[in-house]
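These are the residues of each chain, in order.
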Amino acid sequence: MRTNYTLHTHTVGFDGRNTPAEMVDAARKAGIKNIGFSNHFIVHPAVKKSKMYEYSVRGGYSNIYSADADEAIAKFSKHYAVVRGLREKYPDMNILCGMEMDWFQYPGWRDAVNYAVTRLNPDYIIGAMHFIDRGVDGILNVHDIKNAESRESTRLMREYYQNLMKLAEYDWRPMVFRFNWVAHFDLPRKIGLRCDDMENAALDALARNGAPLEINTALMGNRRYGPIGARARRIRQITAAGMPVLVSDDAHDVSRVGANFGIVEKLAKPQNFYTDFNELKQKIGIRSR
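In this report, the structure presented in the accompanying data block is examined.

Conventions we followed
- Residues numbered from 1 in each chain as written.
- Predicted model: local features only at pLDDT ≥ 70, side-chain atom pairs only at ≥ 80, totals over all residues.
- Heavy atoms only, no water.
- Helix = DSSP H or I, 4+ residues; strand = E, 2+ residues; numbered from the N terminus.
- Rg over C-alpha atoms; globule rule 2.2 N^0.38 Å.
- Buried < 20%, exposed > 50% of the residue type's maximum accessible area, 1.4 Å probe, protein only.
- Contact = heavy atoms within 4.5 Å.
- Areas by Shrake-Rupley, 256 points an atom, 1.4 Å probe, with all protein chains shown as cover.
- Lys, Arg positive; Asp, Glu negative; His and termini not counted.
- Charge placed at Lys NZ, Arg CZ, Asp CG, Glu CD.
- Axes fitted to C-alpha atoms, helices over the stretch in contact; angles between N-to-C directions.
- Parallel < 35°, antiparallel > 145°, perpendicular 65-115°, else oblique.
- Left-handed = near helix turned anticlockwise from the far one by under 90°.
- Nonpolar A, V, L, I, M, F, W, Y, C, P; charged D, E, K, R; others polar.
- Core = buried A, V, L, I, M, F, W, Y, C linked by side-chain atoms within 4.5 Å.
- Pairing = 2+ DSSP bridges.
- Salt bridge = Lys/Arg side-chain N within 4 Å of Asp/Glu carboxyl O.

1. Describing the overall build of the protein
Right, on to step 1. Helices and strands together make up the secondary structure of the protein, namely ten helices and eleven strands.
Right, on to step 2. For 289 residues, the compact-globule estimate of 2.2 N^0.38 gives 19 Å, and the protein sits close to it at 18 Å.
Right, on to step 3. With the C-alpha coordinates aligned to their principal axes, the bounding extent of the protein is approximately 50 × 45 × 40 Å.
Right, on to step 4. Counting across all 289 residues of the protein, residues that qualify as buried make up 57%.
Right, on to step 5. In the protein, the share of contacts with a sequence separation of at least 24, taken over all contacts with a separation of at least 6, comes to 78%.
Right, on to step 6. When the accessible surface of the protein is totalled, it reaches about 12,400 Å², and 48% of it is carbon and sulfur.
Right, on to step 7. Side-chain charges of the protein comprise 41 positive and 33 negative groups, with the mean position of each set lying 3 Å from the other.

2. Side note on the packing of helix α1 (residues 20–29) against helix α3 (residues 69–89)
Right, on to step 1. In the contact formed by α1 and α3, the axes pass within 10 Å of each other and the chain directions differ by 40 degrees. One element, α1, and the other, α3, form an angle in the oblique class. Considering only the axes of α1 and α3, their crossing is right-handed. From α1, Pro20, Ala21 and Val24 reach across to α3, where they touch His79, Val82, Val83 and Leu86.
Right, on to step 2. Grouping the constituent residues of the contact of α1 with α3 by class yields six nonpolar, one polar and no charged.

3. A look at the packing of helix α6 (residues 150–168) against helix α7 (residues 196–208)
Right, on to step 1. Here α6 crosses α7 at 5 degrees, and the two axes come no closer than 8 Å. Compared by their axis directions, α6 and α7 come out roughly parallel. In this structure, α6 uses Arg158, Tyr161, Gln162, Leu164, Met165 and Ala168 to contact α7, whose residues at the interface are Asp197, Met198, Glu199, Ala201, Ala202, Ala205 and Leu206.
Right, on to step 2. Looking at side-chain class alone, the contact of α6 with α7 contains nine nonpolar, one polar and three charged residues.

4. Focus on the environment of Trp103
Right, on to step 1. With respect to the secondary-structure elements, Trp103 resides in the loop between β5 (94–102) and α4 (109–120).
Right, on to step 2. The class of Trp103 is buried, set by a relative accessible area of 4%.
Right, on to step 3. Each C-alpha atom of the pair Trp103 and Asp68 lies 14 Å from the other, and the pair is 35 residues apart in sequence.

5. Topic: the nonpolar core
Right, on to step 1. Ranked by internal contacts, the top residues of the largest apolar core, which has 99 residues, are Phe41, Met101 and Trp109.
Right, on to step 2. Looking at which element gives the most residues to this core, the answer is α6, with eight residues.
Right, on to step 3. Those residues in contact with Trp109 that sit more than four places away from it in its chain are Val43, Met101, Asp102, Trp103, Phe104, Tyr170, Met175 and Phe179.

6. So, the environment of Gln271
Right, on to step 1. Among the secondary structure elements, Gln271 is positioned in the loop between α9 (261–267) and α10 (277–284).
Right, on to step 2. Since its relative accessible area comes to 36%, Gln271 is described here as partly exposed.
Right, on to step 3. A C-alpha to C-alpha distance of 28 Å links Gln271 and Arg173, two positions 98 residues apart in sequence.
Right, on to step 4. Once residues within four sequence positions are removed from consideration, Gln271 is found in contact with Thr239 and Ala240.

7. Comments concerning the pairing of β5
Right, on to step 1. Most of β5 is tucked away, with nine of its nine residues classed as buried.
Right, on to step 2. Both faces of β5 are covered, namely the face carrying Asn94, Leu96, Gly98, Glu100 and Asp102 and the face carrying Ile95, Cys97, Met99 and Met101.
Right, on to step 3. Bridge analysis of strand β2 (residues 34–37) against β5 gives four bridges, and the strand direction is parallel. Bridge pairing in β5 places Gly36 opposite Leu96.
Right, on to step 4. Relative to β5, strand β3 (residues 40–43) runs parallel, the two being bridged by two bridges.

8. Remarks on the pattern of salt bridges
Right, on to step 1. Taken as a whole, this structure holds 17 salt bridges when the rule is applied.
Right, on to step 2. Its salt-bridge partner being Glu199, residue Arg189 comes within 2.9 Å of it at the nearest N-O pair. Of this pair, Arg189 sits in the loop between β9 (181–182) and α7 while Glu199 sits in helix α7, placing them ten residues apart in sequence. Note on accessibility: Arg189 and Glu199 belong to one class, buried.

Okay, here's the thing in structure tokens:
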């Protein structure tokens, strides 16, 4: 395995199952010297009306959802204090504070996240889209798409990818930040949903706009996500599309840290695919300690 970083990770207190210290130990054992913590930063005024919020409360991971920026800032300030405190304990490790931020279109999202990022000063921000935004009336999680009637599910899938294309073309000039890269653009495959034409259109839009993209190994080999052969074709397509590409494990526990990185390295075309952290941070603007 050549990849020497893992930057898409989740911890206990959000929707992960291990502490930051345990995740750092797992990275060290895997020979990974650069680790970043990127818990979910999901800010929406209607998020607690989402069906997924009910599940999160029962599951003990409601911290991933916030109704406003101040609520999210309070959660992340405590979390970042713990992560930054590990740097003295692990002087041989490069430990970073990131976040996985959901992109929304409701009025006020831009100001809310600008304010939060200014206050929290993360080292990098992963862009994600787990929802279809219905504004103040609510939001639909990708799991809601699967549970819809067949015709409605198809319509919602197309709406999801249309919104992802809007994300690809988003005007970041009024913002104090931009996403360093975009996570799992094929997220609906996680629950067995596919819409190949729209998925390809979203990938094309991301490539046209130069959006860095991750190859997520979390479900590598999962039958709902597609066989390894199909994933290999998709990985080669992504790494040949022209945007910077990195690998992520989306680790929610220590067993997933660095999982399947070696498989992706063998499958990916070399152009624009970064396995070295120092090259990656220069290409996509990650701050390093």
